[in-house]
Amino acid sequence: MDIPSKSHHHPPPQVDEGYHKDLGRRQVQMIAIGGAIGTGLFLGAGTRLQQAGPSLAIDYLVCGLFCFLILRALGELVMYRPSAGSFVSYAREFLGEKAAYAAGWLSFLNWAMTGIVDITAVALYMHFWGTFDHVPQWVFALVALGIVGTMNMIGVRYFGELEFWFSLIKVVALALFLIFGCVVLGLKMPVGGAVPGFHLISENGGLFPHGIMPALFLMQGVVFAYSAIELVGTAAGECANPREIIPRAINSVIWRIGLFYVGSVILLVCLLPWTAYHKGISPFVTFFQALGVPHVDTVMNIVVLTAALSSLNSGLYSTGRVLRALALGGSAPRALAKMNRQSVPYVGILTTVGVYLVGVGLNYLIPARVFEIVLNVAALGIISTWSFILICQIRMRKLVNSGEIESAGFRMPGAPYTAWLTLGFLGFVVVMMALDYPEGTYTVIAIPFIGLILALGWGLIALSRRRA
């Protein structure tokens, strides 16, 4: 790519005008942590342990390191100019309006698909308790959407508070497991007839019981456990003191990834043989049940219910800001830029709520395999969002080096080499997805069709501009 000359570098539209700076340090810290901890760890780790064994810890570590680099790339952009439009406004400034259009709508696609899954998951988790067996699934979905939607509409402070408590529940649950698990491991207390220790890894096939290839294939699933990390960039635009708070929030993510993800998996395979964990059952539930702890499945159901609500909350928050940033740049209907008295982009949020409501209805009609493809389409949105963040950081760094803009500090470690390396890793993830037949293969085949839809949309926007 050619670097634009100084005369061609134009600041973007002021997408942050009108927002209240109501997010505090503790809320932003928890948004950063919560974005990196989802249902994938609490519920999906059992399936992944079955597929890859103890090497799952390596997968989490490698993916976590690359996600930390993505966060650092985003952090450098945030320090340059905090923006509620986040990567959309950065794409507009450093890559042009067409890139901003693609980045924004692919992000919306991601959260729209993810939200449909989240709202369905909330309803399914509620049916875990037999008391609610006779309550239709759509009722729980509607109630969950009503609560989260209302909290998003009445002000960013309430979104931040809701996300703080959702994230805190996830963190406390993991912290309690780590403390309890370390005590059991340290005291060599028998668990399910087995004595805990690292010997359980070597005695059950070692780090790679199925070979290296399953661990490589699993990488494309594991990376999406971190799928909401970029939310901290959006929150920066409504943060009281972003240049002080954001660097600390981002830098704290790496050790928390190491502790919660890598530490949890290592502990799990040292407490029980990895073969004890099964698909569809939380490995944490498996461990506590082996110890004979009562009602642990109920507690874990509350935690995964919280994680799904947290993701739903984040989706509404993010899409409202992204759609407003698109509208202000002329890449979406102007109405999406409207804000209410609480400085909330309510039209964008209501648009997303409408998509989620359609999704609740469609959920009864589409078969499970198609539903999995919808999840993979969301994954494409995540990869594109992260790629745009990295490319924007590369372009910004070139402009800084040429003296066209000033550096604001918090430089991405090892840039630009680490940025290109991370882009290469995301490309590897897409290749692994393509080899994951059938859902992954179909998803990658769908990329040209998604591109065609985006191109048609851009053509319609260009046509409406000429007529205006």
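For clarity, every value in this text was computed on a predicted model and none was experimentally measured. (Residues numbered from 1 in each chain as written. Predicted model: local features only at pLDDT ≥ 70, side-chain atom pairs only at ≥ 80, totals over all residues. Heavy atoms only, no water.)

A. How the structure looks around the overall build of the protein chain. Of regular secondary structure, the protein chain possesses 19 helices and zero strands. The globule rule puts the C-alpha radius of gyration for 468 residues at 23 Å, and the 22 Å found for the protein chain is close to it. Projected onto its principal axes, the C-alpha positions of the protein chain cover 75 × 55 × 45 Å. Counting 29 positive and 22 negative side-chain charges, the protein chain places the averaged centre of each group 7 Å from the other. (Helix = DSSP H or I, 4+ residues; strand = E, 2+ residues; numbered from the N terminus. Rg over C-alpha atoms; globule rule 2.2 N^0.38 Å. Lys, Arg positive; Asp, Glu negative; His and termini not counted. Charge placed at Lys NZ, Arg CZ, Asp CG, Glu CD.)

B. Geometry of the pattern of salt bridges. Scanning all chains against the criterion turns up five salt bridges. Where Glu93 meets Arg81, a salt bridge forms, and the shortest distance between an N and an O atom there is 2.7 Å. Placement of Glu93 in helix H5 (residues 86-95) and of Arg81 in the loop between helix H4 (56-80) and H5 is noted, with a sequence separation of twelve residues between them. Judged by its relative accessible area of 9%, Glu93 is buried. The exposure class of Arg81 is buried, given its relative accessible area of 19%. (Salt bridge = Lys/Arg side-chain N within 4 Å of Asp/Glu carboxyl O. Buried < 20%, exposed > 50% of the residue type's maximum accessible area, 1.4 Å probe, protein only.)

C. Region of the structure containing the environment of Val122. Here Val122 is to be found in helix H6 (residues 97-126). Given the relative accessible area of 4%, Val122 is considered buried. Expressed as a C-alpha distance, the spacing of Val122 and Val143, which sit 21 residues apart in the sequence, is 9.8 Å. With sequence-adjacent residues up to four places away left out, Val122 is seen in contact with Ala144, Leu305, Ala308 and Leu309. (Contact = heavy atoms within 4.5 Å.)

D. Local environment of helix H8 (residues 156-187). The end-to-end C-alpha distance of H8, which contains 32 residues, comes to 46 Å, matching closely the 46 Å that a straight helix rising 1.5 Å per residue would cover. Following H8 by one or two positions, Lys188 has its phi on the positive side, about 55 degrees. (Expected span 1.5 Å × (residues − 1).)

E. Fine view of the nonpolar core. Within the largest apolar cluster, 160 residues are counted, with the highest numbers of intra-cluster contacts made by Tyr60, Phe94, Phe177, Tyr226 and Trp386. Top element by residues in this core is H6. It accounts for 17 residues. (Core = buried A, V, L, I, M, F, W, Y, C linked by side-chain atoms within 4.5 Å.)

F. How the structure looks around the packing of H6 against helix H14 (residues 296-328). Put simply, H6 and H14 touch, their axes get as near as 8 Å, and they point 155 degrees apart. One finds that H6 runs roughly antiparallel with respect to H14. In the crossing of H6 with H14, the sense of the turn from one axis to the other is left-handed. Looking at the contact of H6 with H14, its residues break down into 18 nonpolar, ten polar and one charged. (Axes fitted to C-alpha atoms, helices over the stretch in contact; angles between N-to-C directions. Parallel < 35°, antiparallel > 145°, perpendicular 65-115°, else oblique. Left-handed = near helix turned anticlockwise from the far one by under 90°. Nonpolar A, V, L, I, M, F, W, Y, C, P; charged D, E, K, R; others polar.)

G. Representation of unusual backbone geometry in the model. Of note, the amide linkage connecting Ala415 to Pro416 takes the cis form, showing an omega dihedral of 5 degrees. With respect to the helices, strands and loops of the structure, Pro416 is situated in the loop between helix H16 (368-401) and helix H17 (417-435). Of note, the phi angle at His295 is positive, near 65 degrees, even though the residue is not glycine. Examined against the element boundaries, His295 turns out to sit in the loop between helix H13 (283-291) and H14. Looking at His295, the relative accessible area reads 60%, which means it is exposed. Positive phi values are uncommon outside glycine, yet Phe410 reaches one of about 55 degrees. Looking at where Phe410 falls in the secondary structure, it is placed in the loop between H16 and H17. With relative accessibility at 16%, the residue Phe410 sits in the buried group.

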